[in-house]
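Results of the structural survey
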Amino acid sequence: MLLFASVNAIANADSPEDILKMPAQLWQAVERASAVMGIDDDLLRPPALDAGDIVCR
């Protein structure tokens, strides 16, 4: 339920500052969801320089 509230707060924010004003509980829900989904791992992974068999020419 907190994650839904977090997404709703972000979607309805008028500015980045509004997002930063979210209560700590909402930020914690976002952090937990990000950890479960592996978002941090994806952001820290070096970029793939190939796309399987697709080669840039």
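Our structure's up above, just so we're on the same page.
Attention here is on the structure that accompanies the text. Source: prediction; values computed, not measured.

**Thoughts on the pattern of salt bridges**
Inspection of the entire model under this criterion finds one salt bridge. For the salt bridge of Arg45 with Asp42, the shortest nitrogen-to-oxygen distance reads 3.0 Å. Overall, Asp42 belongs to the partly exposed group, its relative accessible area being 42%.

**Structural notes on the packing of helix α1 (residues 2–11) against helix α3 (residues 24–37)**
Their axes nearest at 8 Å, the elements α1 and α3 cross at an angle of 105 degrees. Here α3 runs roughly perpendicular to α1, going by the angle between their axes. Residues Leu2, Leu3, Ala5, Ser6 and Ala9 of α1 pack against Gln25, Leu26, Ala29, Val30, Arg32 and Ala33 of α3. Of the residues in the contact of α1 with α3, the class split is eight nonpolar, two polar and one charged.

**Examining α3**
When the terminal C-alpha atoms of α3 are compared, their 20 Å separation across 14 residues agrees well with the 20 Å that a helix rising 1.5 Å per residue should span. Of all the positions in α3, only Leu26, Ala29, Ala33 and Ser34 are classed as buried. Down the axis of α3, the sector holding all buried residues measures 130 degrees, keeping them to one side. The exposed residues of α3 that point more than 90 degrees off its buried face are Ala24, Gln25, Glu31 and Ala35. Contact partners of the buried residues in α3: α1 and α4 (39–44). The first or second residue beyond α3 is Gly38, which carries a positive phi of 75 degrees.

Scoring rules and cut-offs
- Residues numbered from 1 in each chain as written.
- Predicted model: local features only at pLDDT ≥ 70, side-chain atom pairs only at ≥ 80, totals over all residues.
- Heavy atoms only, no water.
- Salt bridge = Lys/Arg side-chain N within 4 Å of Asp/Glu carboxyl O.
- Buried < 20%, exposed > 50% of the residue type's maximum accessible area, 1.4 Å probe, protein only.
- Axes fitted to C-alpha atoms, helices over the stretch in contact; angles between N-to-C directions.
- Helix = DSSP H or I, 4+ residues; strand = E, 2+ residues; numbered from the N terminus.
- Parallel < 35°, antiparallel > 145°, perpendicular 65-115°, else oblique.
- Contact = heavy atoms within 4.5 Å.
- Nonpolar A, V, L, I, M, F, W, Y, C, P; charged D, E, K, R; others polar.
- Expected span 1.5 Å × (residues − 1).
- Arc of directions from axis to C-beta.

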